[in-house]
Amino acid sequence: MPNVRKLALTYILLLVLGLTLLVPASKQTESQGENSIEVTGYTWDHSTISVSIFPRENKSWWKPSYLNATLHGLAQWNDAIQEFAANHTEFSYLSGIRLVPTINHENVSGFDIYIGWIEECGNESTIGQSRATIKSQCVMRNNTVCLAAKAPSGHVMTEVDMQNIVVHELGHTLGLYHCSYSGDVLYSIVDYRAAVKQISSLDLYALSQTFEWMTNSTQFTSSSTCPQESNVTLPSSISYIHFTIAAENLPASTQNLIEYTIELFQCPEILVSIVVAVTLLAVLVILFKRRKKP
Ligand SMILES: [Zn+2]
């Protein structure tokens, strides 16, 4: 009965494949716990936010990958905002928010956010900084982000570090402060990692609070409500998840198969599913072989 065997084997293979695909998907949902994020109480009075990026190509410490990291970090926010707005109809107003980058080769004015670099921040352990100027009660006039190419410890920022710092600082320019969870892009300490961090549903939910005035209008007016400086936790209807980063927004240098495989094997759920699948296969092979014998 070779056809039955073939069918059975195909079924098992599909099951194994299903198992390995299911586990990474379920890994995305992490325990919400008491993760919270602070909201600064500042917002923008419009939803298309212009970003000036001023690369320091003439400096010896400058790396061209810093520009890629910045554009990727920006795209990461735009993508996560769209995905969250599409998944939660009550926050569909967020889909109007867009960060629009322009690369400038000199100091210019007229932008909302200015991203620039220095070799090293002189004080403390700072590697990135965002400074807002306010034009009325809670509305930002502009926000200046200063990024360091080198930490006070001497660590030189890689493309991955830079993208993580950009995503973190952009969160501040959008009215978010720090998150209590170390796995979140807005955790107060930016550590040096092998991979880029993903934006979470908590970050986006906090953004929905910052831009709540957009439920009534596309322009902040005198009758719009200011966001409240507060500590935000996710409502029970929203799980803490991370938004997958589009392949084109990942640093080219880190996305090789070996690193991805190592990361997969570091996850216990995946290891268990592989062991279960291999055991199942072994048992079946033995069973088939025994039946073959006269
Ligand atoms: Zn910060």
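Please refer to the structure higher up on the page.
Below, the structure is looked at part by part. (Residues numbered from 1 in each chain as written. Predicted model: local features only at pLDDT ≥ 70, side-chain atom pairs only at ≥ 80, totals over all residues. Heavy atoms only, no water.)

### What about the overall build of the chain?
We apply this condition: Segments assigned H or I by DSSP are reported as helices when at least four residues long, segments assigned E as strands when at least two residues long, and all are numbered from the N terminus. Working definition: with a 1.4 Å probe on protein chains only, accessible area under 20% of the residue-type maximum means buried, over 50% means exposed, and in between means partly exposed. In what follows, residue pairs with any heavy atoms lying within 4.5 Å of each other are defined as contacts. Computed with a 1.4 Å probe, the accessible areas rest on the Shrake-Rupley method; for each residue, only the protein chains presented here act as cover.
On a plain count of helices and strands, the chain comes out with six helices and 10 strands. Within the span of the chain, comprising 294 residues, buried residues form 44% of the whole. Look at the contacts in the chain between residues 6 or more apart in sequence, and 78% of them connect residues 24 or more apart. Accessible surface computed for the chain: about 15,700 Å², of which carbon and sulfur atoms make up 57%.

### Some thoughts on the environment of alanine 80
Of note, alanine 80 is situated in helix H2 (residues 65-87). The sequence separation of alanine 80 and serine 201 amounts to 121 residues, and the corresponding C-alpha distance is 8.6 Å.

### Notes on the sheet that holds strand S7 (residues 139-150)
Paired through their backbone hydrogen bonds, the strands of a sheet run either parallel or antiparallel. As a reminder of what qualifies: Strand pairing is assigned whenever DSSP identifies at least 2 bridges connecting the two strands. As a rule, the C-alpha atoms of each element are fitted with a line to give its axis, helices using only the stretch in contact, and angles between N-to-C directions run from 0 to 180 degrees.
Spatial ordering of the open sheet is given by S4-S3-S5-S7-S6, a layout of five strands whose pairing is mixed. At either end of the open sheet lies a strand with only one pairing partner, and these are strand S4 (98-103) and strand S6 (128-136). Neighbour-to-neighbour, the strand axes of this sheet turn through a mean angle of 25 degrees, independent of strand direction. Across seven bridges, strand S5 (residues 113-120) lies against S7 in parallel orientation.

### Quick notes on the sheet that holds strand S2 (residues 36-39)
Reading across the sheet, the three strands line up as S8-S2-S9 and stay open at both edges, with antiparallel pairing between neighbours. One side of each edge strand has no neighbouring strand; the edge strands of this open sheet are strand S8 (176-179) and strand S9 (230-233). Neighbour-to-neighbour, the strand axes of this sheet turn through a mean angle of 30 degrees, independent of strand direction.

### Notes on the coordination of the zinc ion
Applied cut-off: Atoms are scored as donors when they are N, O or S and lie within 2.8 Å of the metal, with 3.2 Å used for Na, K and Ca; no water is included, so coordination may look incomplete.
Around the zinc ion, the donor atoms from the protein are His168 (NE2), His172 (NE2) and His178 (NE2), and they sit 2.1 Å away. Ordering the donors of the zinc ion by residue number gives the pattern H-x3-H-x5-H. Considered together, histidine 172 and histidine 178 belong to a single accessibility category, that of buried residues.

### Section: empty space enclosed by the protein
Stated formally: Lining residues are defined by having an atom within 4 Å of a point belonging to a cavity or pocket. Those points lie on a 1 Å grid over the protein atoms alone, cavities being sets where a 1.4 Å probe fits but cannot get out and pockets being open sets with protein on both sides within 12 Å along at least five of seven lines. Grid points are joined across faces, edges and corners, and a volume is the space filled by probe spheres set on the points. Residue polarity is assigned by list, with Asp, Glu, Lys and Arg as charged and Ala, Val, Leu, Ile, Met, Phe, Trp, Tyr, Cys and Pro as nonpolar; anything else, Gly included, falls into the polar class.
Considering all chains together, one arrives at two cavities of 30 Å³ or more under this definition. Looking at the lining of the largest cavity residue by residue, the class counts come to five nonpolar, three polar and two charged. Of the voids in this model, the second largest cavity is the one considered here, and its volume is about 40 Å³. Contributing to the lining of the second largest cavity are Asn164, Val185, Val190, Asp191, Arg193 and Lys197. The residue inventory of the lining of the second largest cavity, partitioned by class, reads two nonpolar, one polar and three charged.

### Topic: the nonpolar core
Looking at soluble globular proteins, one finds that nonpolar side chains tend to be buried together. Convention followed: We define the nonpolar core as a collection of buried residues of types Ala, Val, Leu, Ile, Met, Phe, Trp, Tyr and Cys that are connected through side-chain atoms lying within 4.5 Å of one another.
Trp77, Leu94, Leu99, Trp117, Leu204 and Phe211 are the most contacted members of the largest nonpolar core, which has 60 residues in total. For this core, the secondary-structure elements that each account for two or more residues are S2, strand S3 (48-53), H2, S5, S7, helix H3 (159-173), S8 and helix H4 (201-210). Counting residues per element, this core draws most heavily on H2, at nine residues. Those residues within four positions of phenylalanine 211 in sequence are excluded, and the remaining contacts are Thr43, Trp44, His46, Ile49, Tyr93, Leu94, Ile97 and Leu174.

### Observations regarding the state of the cysteines
This is how it is decided: Note on disulfides: each one is a pair of cysteine sulfur atoms within 2.5 Å.
By the definition in use, this model includes one disulfide. With its sulfur 2.0 Å from that of its partner, cysteine 138 forms a disulfide with cysteine 226. Because the sign of the S-S torsion sets the handedness, a value of about -80 degrees for the bond joining cysteine 138 and cysteine 226 places this disulfide among the left-handed ones. Of the two residues, cysteine 138 sits in the loop between S6 and S7 while cysteine 226 sits in the loop between H4 and S9, which places them 88 residues apart along the sequence. As far as the burial class goes, cysteine 138 and cysteine 226 line up, both buried.

### A closer look at the packing of H2 against H3
Quick reminder of the rule: Roughly parallel means an angle under 35 degrees; roughly antiparallel means over 145; roughly perpendicular covers 65 to 115; every other angle is labelled oblique. By the definition used in this description, the sense in which the near helix is turned from the far one sets the handedness, with an anticlockwise turn below a right angle giving left-handed and a clockwise turn giving right-handed.
With their axes 8 Å apart at the nearest point, H2 and H3 run at an angle of 45 degrees to one another. In terms of orientation, H2 lies oblique with respect to H3. You can see that H2 and H3 cross each other, and the crossing is right-handed. Listed contacts from H3 to Ser65, Tyr66, Asn68, Ala69, Thr70, His72, Gly73, Leu74, Gln76 and Trp77 of H2 are Glu159, Met162, Gln163, Val166, Val167, Leu170 and Gly171. In terms of residue class, the contact of H2 with H3 is made up of eight nonpolar, eight polar and one charged.

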